[in-house]
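The primary structure of each chain is shown beneath.
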Amino acid sequence: MDTGARAFITRADTVSITDKRLLKGARARETALRRAVDIASLDGLDDVSFGRLATDTGMSKAGIQTLFRSKEVLQLATIDYARAMFIDAVVRPAREAAPGVDRLRALIEHWIEYARTPVFEGGCFIVANIARFDSKPGTIRDALVRSHREWLDTIGKELRNAVGSHEATELDIDLAVFQIDSVLRAANTALRLGDEDVITKVRRTVENLLKAA
């Protein structure tokens, strides 16, 4: 075998080994974050730690620390992962509905399913965590606020679409968004306490807002 052939095999083996390591790292990260979002929804982001994840997943504490470097990085990654899960469960499927009233209703229905299932063991991730950090300025609070603001903007956009397409008359968009968000937060707590009747109240609140408009 000539030198060139040996070099090619060596490079190919190196790429294969690198790919396997990357895949293993990605799987380890996925395992850690999937558990982290459930811990955060149940006990808060402060309880998301290398030690807790090592205990819950069977992974090594050192291995998890290698993936995330610091607790703050781990917490921020947990927020990002929860955001992606929320988008997949609520926002993305609602895009199949027409903009405006239909999509707003779809968002609410998918949110109900998201909280009722629940996607996270402790219910809505943002509701479970934002109150814990509302008086703690810093990167964690900023990330939670950005994620929550995206959701509020999504609701507001569809209300504006409804007004723009004359499916609803003029209304105070900011107030309507606040009312819907408040009802959803309350519904999350009610569902955790086993009150399924709150789902009807959520739907009625949204319909009454649209009817009033």
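See the structure above.
These numbers come from a predicted model, not from an experiment.

1. Looking at the nonpolar core
Then, in step 1: Leu45, Trp111, Tyr114, Phe125, Leu144, Trp151 and Leu159 are the most contacted members of the largest nonpolar core, which totals 66 residues.
Then, in step 2: A per-element tally of this core places helix α4 (residues 71–94) first, with 11 residues.
Then, in step 3: Aside from chain neighbours lying at most four places away, what touches Trp111 is Phe86, Val90, Trp151, Leu184, Ala187 and Asn188.

2. So, unusual backbone geometry
Then, in step 1: Following Thr117, the chain continues to Pro118 via a peptide bond in cis, the omega torsion being -20°.
Then, in step 2: In this structure, Arg69 takes a positive phi of about 70° despite not being glycine.
Then, in step 3: With respect to the secondary-structure elements, Arg69 resides in the loop between α3 (61–68) and α4.
Then, in step 4: Accessibility expressed as a relative area gives 61% for Arg69, which makes it exposed.
Then, in step 5: In the Ramachandran plot, His166 falls in the positive-phi region, its phi being about 65° despite a non-glycine side chain.
Then, in step 6: Mapping His166 onto the fold places it in the loop between α7 (139–164) and α8 (173–192).

3. Some remarks on the packing of aromatic side chains
Then, in step 1: Scanning the entire structure with this criterion turns up 5 aromatic pairs.
Then, in step 2: Plain terms: the ring middles of Trp111 and Tyr114 are 6.2 Å apart, the flat faces sit at 55° to each other, and that makes the pair tilted. Of the two residues, Trp111 and Tyr114 both sit in helix α5 (residues 101–116), 3 residues apart, roughly one turn of that helix.
Then, in step 3: A residue is classified by how much of its surface remains accessible, and Trp111, at 3% relative accessible area, is buried.
Then, in step 4: The class for Tyr114 is buried, based on a relative accessible area of 3%.
Then, in step 5: Arranged with centres 5.7 Å apart and planes meeting at 50°, the rings of Phe120 and Phe125 form a pair that is tilted. Phe125 carries the same exposure label as Phe120, and that label is buried.
Then, in step 6: Taken together through their ring pairs, the aromatic side chains of Phe86, Trp111, Tyr114, Phe120, Phe125 and Trp151 make up a single cluster.
Then, in step 7: Lying across the ring of Phe133, Lys136 places its NZ or CZ 5.1 Å from the centre.

Rules and cut-offs
Residues numbered from 1 in each chain as written. Predicted model: local features only at pLDDT ≥ 70, side-chain atom pairs only at ≥ 80, totals over all residues. Heavy atoms only, no water. Core = buried A, V, L, I, M, F, W, Y, C linked by side-chain atoms within 4.5 Å. Buried < 20%, exposed > 50% of the residue type's maximum accessible area, 1.4 Å probe, protein only. Helix = DSSP H or I, 4+ residues; strand = E, 2+ residues; numbered from the N terminus. Contact = heavy atoms within 4.5 Å. Phe/Tyr/Trp six-rings, centres within 6.5 Å; stacked < 30°, edge-to-face > 60°. Lys NZ or Arg CZ within 6 Å of the ring centre and 35° of its normal.

None of the figures reported here should be taken as evidence of function without further support.
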